[in-house]
Amino acid sequence: VKVVETGRQPGTYVALSHCWGTQQIITTRTENIEDHKKAIDFQQLSKTFQDAVTVTRKLGQRFLWIDSLCIIQNSAEDWAKESSYMGDIYLTATFTISAAGAVAGAIGCFMPRTPPLMDPITIQYLSSNLQLESIHIGLPRGSLHSGLDDGPLQSRAWCLQERVLSRRNIHFCQNHIVWECQMTSIAENGEHLDGASGMEAYQLKLQDKIGTSSHLKDPLQSRFRKIVQDYTHRGLTKPFDKFPAISGLAQKIHQETGDKYVAGLWYNHLHNDL
């Protein structure tokens, strides 16, 4: 594992969305960036980072973007520059690995499960030739999506735009895995979770063509208000990150509507936003 400077050339890569936690995790700094370009000892990585590297490799990808390693953490200049690209980083990633069940880097993506995850039941029915057949179905214990929207990752402000802007998310929850894209959300047992994740409500559908008349712009503004409603309930370690942590979403709405972003409000919708 090593840090690679791409010069923003186009290419395929995976992004990671994770909670830093209270314990210090490995970071790239001005004093170690040259060493990180040569090699990073795999054992120095947090468990979340190790698991993310494993997922990336198993799915045939080579490059993985991790904020603490790909932004120089003690350089205000590098942080200001790179954080302004944060929305694009998640939007253009092939997929995002979401450590949804991990409150800190020591927890990881792969967590011990309490078997059985599913309570199987057997249903008997008459087939078309009137033969008695049986089918076995695994039913989740409790709410299967619990831990995705109520998990530690979804309580962090930075992680909201990471999830909304990502075209595809693989959520590693405490007891299951969930695939989420712009079309659907599916748990590993095949259960569809559409509507449960909030992705449909928040997804900006940036690939859709949005007209220039005001009645076509309003739905986008309305979605942004819903996003802000969720966002303001989430936690920030550094209060001055309040605007940067949602700036990627604001940037995309500006590109689609042409409206001017004014410190969390929109110039053409100030009366509604206030």
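Residues numbered from 1 in each chain as written. Predicted model: local features only at pLDDT ≥ 70, side-chain atom pairs only at ≥ 80, totals over all residues. Heavy atoms only, no water.

Within an unreviewed UniProt entry, the label attached to the chain reads HET-domain-containing protein, and the organism entered is Rhizodiscina lignyota.

On to the pattern of salt bridges. Scanning all chains against the criterion turns up seven salt bridges. The partner of aspartate 273 in a salt bridge is arginine 225, with the nearest N and O atoms 2.9 Å apart. Linking aspartate 273 in helix H10 (residues 270–273) with arginine 225 in helix H8 (residues 214–231), this pair joins segments that are 48 residues apart in sequence. Given the relative accessible area of 30%, arginine 225 is considered partly exposed. (Salt bridge = Lys/Arg side-chain N within 4 Å of Asp/Glu carboxyl O. Helix = DSSP H or I, 4+ residues; strand = E, 2+ residues; numbered from the N terminus. Buried < 20%, exposed > 50% of the residue type's maximum accessible area, 1.4 Å probe, protein only.)

Alternating positions in strand E3 (residues 95–98) separate into two faces, Phe95 and Ile97 on one and Thr96 and Ser98 on the other, with burial throughout. Pairing of strand E1 (residues 14–17) with E3, which is carried by four bridges, proceeds in the parallel orientation. Within the sheet, the bridge partner assigned to alanine 15 lies in E3 and is threonine 96. With three bridges joining them, E3 and strand E6 (residues 168–172) adopt parallel strand pairing. By the bridge assignment for E6, isoleucine 97 is matched with isoleucine 170. (Pairing = 2+ DSSP bridges.)

A few words on the sheet that holds E6. Read from one edge to the other, the open sheet built from six strands follows the order E2-E1-E3-E6-E7-E8, with strand pairing classed as mixed. Strands at the two margins of the open sheet, each flanked by one partner only, are strand E2 (64–65) and strand E8 (185–187). Contacting E1, E2, E3 and E6, helix H2 (residues 47–58) crosses the sheet at an angle of about 150° to E1. Its contacts with the sheet place helix H6 (residues 158–165) against E1, E6 and strand E7 (177–181), and it is angled at close to 125° to E6. (Contact = heavy atoms within 4.5 Å. Axes fitted to C-alpha atoms, helices over the stretch in contact; angles between N-to-C directions.)

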